[in-house]
Amino acid sequence: MITEQDEGFLNSASAIRLRAGLNLAKRWSLGTAQVSAVLALTEDQSQRLGDIDVLADTLRPDQVERLDLLLSIHASLKTLFTEDERVYGWMRKPNGAFGGISAIKLCLRDGKEGIEAVQSYLAAMVAG
């Protein structure tokens, strides 16, 4: 059984993930509509983007999973590249592995499956 203390911890963890994910989205130059699409936010949630703690309380498990995947993508990019320009610019560069489109376009076009494809590709690159 989940206690109030457990719920508080889970909401806090979601807020931390969300804050990190939104900071990452800024570094990737994503607009509000793109952030909403990548995270599969509802219209109500999109309107709460400025209030992380309130928004975090409304996140569904699949949205938290998307955040986790995005943070994993970022961790892989930080492992692969040392220069910030490459770490944050890679998502917008066309990539032959994704049919010539950028990773962010793949994520926007294919939703969670696109995010998973990017994460898997980068995990394989890290593994060598």
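Residues numbered from 1 in each chain as written. Predicted model: local features only at pLDDT ≥ 70, side-chain atom pairs only at ≥ 80, totals over all residues. Heavy atoms only, no water.

Trainee: I'd like a rundown of the overall build of the protein, residues and numbers included.
Mentor: When helices and strands are tallied, the protein shows 8 helices and 0 strands. Helices and strands appear in the protein in the N-to-C order α-α-α-α-α-α-α-α. Each principal axis of the C-alpha distribution contributes one length, and for the protein these read about 45 × 30 × 25 Å. Residue burial in the protein is summarised as follows: out of 128 residues, 40% are buried. Summed over its atoms, the accessible surface of the protein is roughly 7,300 Å², and 52% of this surface lies on carbon and sulfur atoms. Treating the 14 positive side-chain charges of the protein as one cloud and the 17 negative ones as another, the clouds have centres 9 Å apart. (Helix = DSSP H or I, 4+ residues; strand = E, 2+ residues; numbered from the N terminus. Buried < 20%, exposed > 50% of the residue type's maximum accessible area, 1.4 Å probe, protein only. Areas by Shrake-Rupley, 256 points an atom, 1.4 Å probe, with all protein chains shown as cover. Lys, Arg positive; Asp, Glu negative; His and termini not counted. Charge placed at Lys NZ, Arg CZ, Asp CG, Glu CD.)

Trainee: A description of the confidence of the model for the protein should follow, citing residues and the corresponding values.
Mentor: Of all residues in the protein, 91% attain a pLDDT of 70 or more, and the chain-wide mean is 91. Taken together, the stretch residues 1–10 has pLDDT below 50 and engages in 3 contacts with residues farther than four places along the chain or on a different chain. (pLDDT = per-residue confidence, 0-100. Contact = heavy atoms within 4.5 Å.)

Trainee: Explain the side chain of Gln 45 to me, using residue names and the numbers behind them.
Mentor: Mapped onto the fold, Gln 45 is located in helix α3 (residues 43–47). A polar contact of 2.8 Å, which involves the side chain of Gln 45, links it to the side chain of Gln 63. Each residue touching Gln 45, except ones within four places of it in the same chain, is listed here: Ala 40, Leu 55, Thr 58, Leu 59, Arg 60 and Gln 63. (Polar contact = N/O pair within 3.5 Å; in protein donor to acceptor, adjacent residues only side chain to side chain.)

Trainee: Kindly report on helix α2 (residues 32–39), identifying the contributing residues and their values.
Mentor: Every buried residue of α2 is listed here: Val 35, Ser 36, Val 38 and Leu 39. The buried residues of α2 all sit within an arc of 165 degrees when viewed along its axis, so they share a single face. Positioned one or two residues after α2, Ala 40 has a phi angle of 55 degrees, which is positive. (Arc of directions from axis to C-beta.)

Trainee: Break down the packing of aromatic side chains for me, citing the residues and quoting the values.
Mentor: The full count for this structure, using the stated rule, is 3 aromatic pairs. Taking 6.2 Å as the distance between ring centres and 20 degrees as the angle between the ring planes, the aromatic pair formed by Trp 90 and Tyr 121 counts as stacked. Here Trp 90 is found in the loop between α6 (84–89) and α7 (103–110), whereas its partner Tyr 121 is found in helix α8 (residues 112–127), with 31 residues between them in sequence. When the ring centre of Tyr 88 is taken as reference, the NZ or CZ atom of Arg 27 above it lies at 3.8 Å. (Phe/Tyr/Trp six-rings, centres within 6.5 Å; stacked < 30°, edge-to-face > 60°. Lys NZ or Arg CZ within 6 Å of the ring centre and 35° of its normal.)

Trainee: Provide a residue-level description of the pattern of salt bridges, including the pertinent values.
Mentor: The full count for this structure, using the stated rule, is 7 salt bridges. For the salt bridge of Arg 109 with Asp 110, the shortest nitrogen-to-oxygen distance reads 2.9 Å. Its relative accessible area of 30% is what places Asp 110 among the partly exposed residues. Here Glu 116 makes a salt bridge to Lys 112, at a shortest N to O gap of 3.9 Å. (Salt bridge = Lys/Arg side-chain N within 4 Å of Asp/Glu carboxyl O.)

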